[in-house]
Amino acid sequence: MIYPILLCGGSGTRLWPLSRRSYPKQFTALIGNESLFQASAKRLSGPDFARPILVTGSDFRFIVTEQLQMIGIDPGVILIEPEARNTAPAVLAAALHLVQTDAEALMLVAPSDHVVPDAAAFRASVQAGVSAAKAGQLVTFGIVPTRAETGYGWLELGGACTAGVPVPLRRFVEKPDAPKAAEMLAAGNFLWNSGIFLFRAQSIIDAFAAHAPDLIDPVSRSVSEARADLGFLRLDPEAFGAAREISIDYAVMEHAQNLTVVPFDAGWSDLGGWDAVAQEMGPDVRGVSLSGQATALDCDNTLLRSDSEGVELVGIGLQNIIAVAMNDAVLVADRSRAQDVKTAVAALKSKGAKQADAFPRDHRPWGWFETLALGDRFQVKRIVVHPGAALSLQSHFHRSEHWIVVSGTARVTIDQEVRLVTENQSVYIPLGAVHRMENPGKVPMVLIEVQTGAYLGEDDIIRYEDVYARGQGAKG
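Computed from a predicted model, the values in this text were never measured in an experiment.

(A) Summary view of helix α2 (residues 61–70). Turning to α2, its buried residues number three or more, namely R61, F62, I63, V64, Q67 and L68. Residues of α2 that are buried make contact with α1 (36–43), β2 (53–57), β3 (78–81), β10 (232–234) and β18 (361–364). Downstream of α2 by a residue or two, G72 has a phi angle that is positive, lying close to 75°.

This is the structure we're talking about:
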């Protein structure tokens with residue numbers, strides 16, 4: 001049995017404005033109707049796979065469970081990282097947890113934001129690497145290159161390259177410049193580094209002990225002192241925070257000698273920038289990729305993408321341009337500068353722009369809300385509550401609220417009173433009142449909330465009861 005380890009805590013800033021820290025690219029439907037995370041979970045499921053183990057951040061814990069529920073996949077343990085420490089501590093934590101119950105467990109470590117169109121071919125490649133992994137090899141999956149790519153790390157093979165046939169891995173190669181990439185492409189014994197690995201849990205623990213021993217103690221303590229929280233397992237924050245922030249490539253893989261690579265040649269992309277997304281979208285004969293309400297007139301080698309309903313994006317006479325429009329932010333860039341989007345996000349953060357990290361739509365375990373209007377002493381929100389879900393029992397110091405139900409039925413608690421509020425009905429929540437909103441129905445409940453008061457921040461909240469155990473604070 002193979003245990004998929006899905007890493008889903010990254011922020012994906014190179015795909016801003018569609019991917020932001022509050023809701024990164026792995027949870028969005030960049031290609032097709034499913035999110036990248038959902039497609040990854042499906043790809044790593046079947047008779048040869050155990051339930052997936054997820055490693056994610058606290059803010060995403062309910063997003064991953066909701067998205068897996070939508071596709072009918074029941075997760076195994078969900079490890080909550082107290083803070084992002086890169087892939088090495090995350091993988092080690094998963095291995096230490098897994099080895100407690102299965103010393104011979106095979107781990108398939110994969111990012112949750114890659115595109116692999118042929119899932120069956122990928123699963124066949126995984127099976128091709130099983131024997132080597134059981135024998136103690138650290139197996140990686142290299143992508144047969146189609147171009148002299150400078151945005152990926154590369155792998156140098158220690159033998160002939162045949163798709164699906166394991167071969168010794170000689171070394172990892174850092175992201176090259178253009179001449180070096182062209183040289184490796186022509187040589188024929190180099191592959192792109194996919195960042196996907198297969199190994200025994202004990203094998204990777206031994207590798208950490210040999211090449212990154214300083215990580216063993218803090219990560220071990222974070223696992224042994226982890227605490228259960230609803231259906232999640234929270235790694236101990238003090239111990240995990242003491243672990244060095246480093247990728248598994250730098251910590252272990254570039255130093256290990258027991259390396260094997262399985263070449264994969266059936267389509268793959270890490271969607272590491274908008275240029276990669278444009279390619280995966282399937283450009284027309286002039287290299288134009290369109291998504292959403294977008295129109296191109298006399299354009300070449302251009303991506304036009306509108307990801308907000310009601311926003312029309314029109315390009316005229318454009319060449320080598322990326323344009324992505326949302327209702328609160330627009331990106332326009334030369335296609336050759338796609339990798340600089342990450343730098344732009346840093347610039348937005350430095351100027352205090354909320355669009356750098358957050359969307360107008362804020363996802364919560366009970367549903368989501370978005371701000372429709374915000375002014376001095378008032379805010380208007382649209383709130384959607386899932387069937388059977390409930391907000392916390394709460395109160396506010398600085399604001400009162402009016403709720404108008406647009407569709408569905410709300411069960412509303414105001415101090416000692418509980419009432420049902422149906423479509424076209426409204427209710428007033430006085431400042432300081434202890435209140436709660438629930439959806440007792442079978443369909444999503446939609447309402448408009450009008451807030452008035454001196455302070456309208458999401459941290460003006462005291463929770464008295466919460467089925468999601470979020471504690472205090474904006475999200476808890």
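(B) Highlighting unusual backbone geometry. Cis rather than trans, the peptide bond between W16 and P17 has omega equal to 10°. As for its position among the elements, P17 is in the loop between β1 (2–7) and α1. One non-glycine residue, D415, lies in positive phi territory at about 55°. A relative accessible area of 41% means that D415 is categorised as partly exposed. One non-glycine residue, A469, adopts positive backbone phi at about 50°. Among the secondary structure elements, A469 is positioned in the segment after β28 (462–465).

(C) View of the sheet that holds strand β16 (residues 321–325). Ordered in space as β12-β14-β16-β17, the four strands form an open sheet in which the pairing is mixed. Edge positions in the sheet fall to β12 (289–291) and β17 (330–334), since each of these pairs with one other strand and no more. Taking the axes of each pair of neighbouring strands and ignoring which way they run, one obtains an average angle of 5° across the sheet. When strand β14 (residues 303–306) meets β16, the two strands line up parallel, connected through four bridges. Residue L304 lies in a different strand from β16, and its bridge partner there is A323.

(D) Representation of the UniProt feature "domain: Mannose-6-phosphate isomerase type II C-terminal" (unreviewed entry) in the protein within the structure. As annotated in UniProt, the feature "domain: Mannose-6-phosphate isomerase type II C-terminal" (unreviewed entry) corresponds to residues 355–466 in the numbering used here. In residues 355–466, the share of helix is 0% and the share of strand is 57%. The end C-alpha atoms are 29 Å apart.

(E) Layout of the nonpolar core. Counting residues in each nonpolar core, the largest one holds 87 residues, and the members touching the most others are L108, L198 and W274. Discounting residues that sit within four places of it in the chain, W274 has contacts with R14, L15, W16, L18, L30, L303, R305, I322, V324, L331, A338 and V341. Listed in part, the 51 residues of the second largest apolar core include I53, A88, V99 and A226.

(F) Just the UniProt feature "domain: Nucleotidyl transferase" (unreviewed entry) in the protein, in detail. In the numbering used here, UniProt assigns the "domain: Nucleotidyl transferase" (unreviewed entry) feature to residues 4–279. Secondary structure content for residues 4–279 is 34% helix and 21% strand, while the C-alpha to C-alpha distance between its ends is 28 Å.

(G) How the structure looks around a nonpolar patch on the surface. Together, L297, V314 and I316 make up a nonpolar patch on the protein surface, roughly 290 Å² of accessible area in all. Checked against the element boundaries, L297 lands in strand β13 (residues 294–297).

(H) Quick look at the pattern of salt bridges. Evaluation of the coordinates by the stated rule reveals 30 salt bridges. Of the charged contacts, one joins D74 and R51 as a salt bridge, the two residues approaching to 2.8 Å between their closest N and O atoms. Pair noted here: D74 is in the loop between α2 and β3 and R51 is in the loop between α1 and β2, with a separation of 23 residues, a long-range link. Owing to a relative accessible area of 48%, R51 belongs among the partly exposed residues under this scheme. For the salt bridge of D362 with R364, the shortest nitrogen-to-oxygen distance reads 3.3 Å. Pair check on accessibility: D362 and R364 agree, each one buried. One salt-bridge network, held together by shared partners, links D362, R364, K381 and E458.

Here is what the cut-offs are and how they apply
- Residues numbered from 1 in each chain as written.
- Predicted model: local features only at pLDDT ≥ 70, side-chain atom pairs only at ≥ 80, totals over all residues.
- Heavy atoms only, no water.
- Buried < 20%, exposed > 50% of the residue type's maximum accessible area, 1.4 Å probe, protein only.
- Helix = DSSP H or I, 4+ residues; strand = E, 2+ residues; numbered from the N terminus.
- Contact = heavy atoms within 4.5 Å.
- Pairing = 2+ DSSP bridges.
- Axes fitted to C-alpha atoms, helices over the stretch in contact; angles between N-to-C directions.
- UniProt positions renumbered as here; feature names shortened; annotations may be inferred.
- Core = buried A, V, L, I, M, F, W, Y, C linked by side-chain atoms within 4.5 Å.
- Patch = residues over 30% accessible without salt bridge, like charges linked within 9 Å, V, L, I, M, F, W, Y side chains within 5 Å.
- Areas by Shrake-Rupley, 256 points an atom, 1.4 Å probe, with all protein chains shown as cover.
- Salt bridge = Lys/Arg side-chain N within 4 Å of Asp/Glu carboxyl O.

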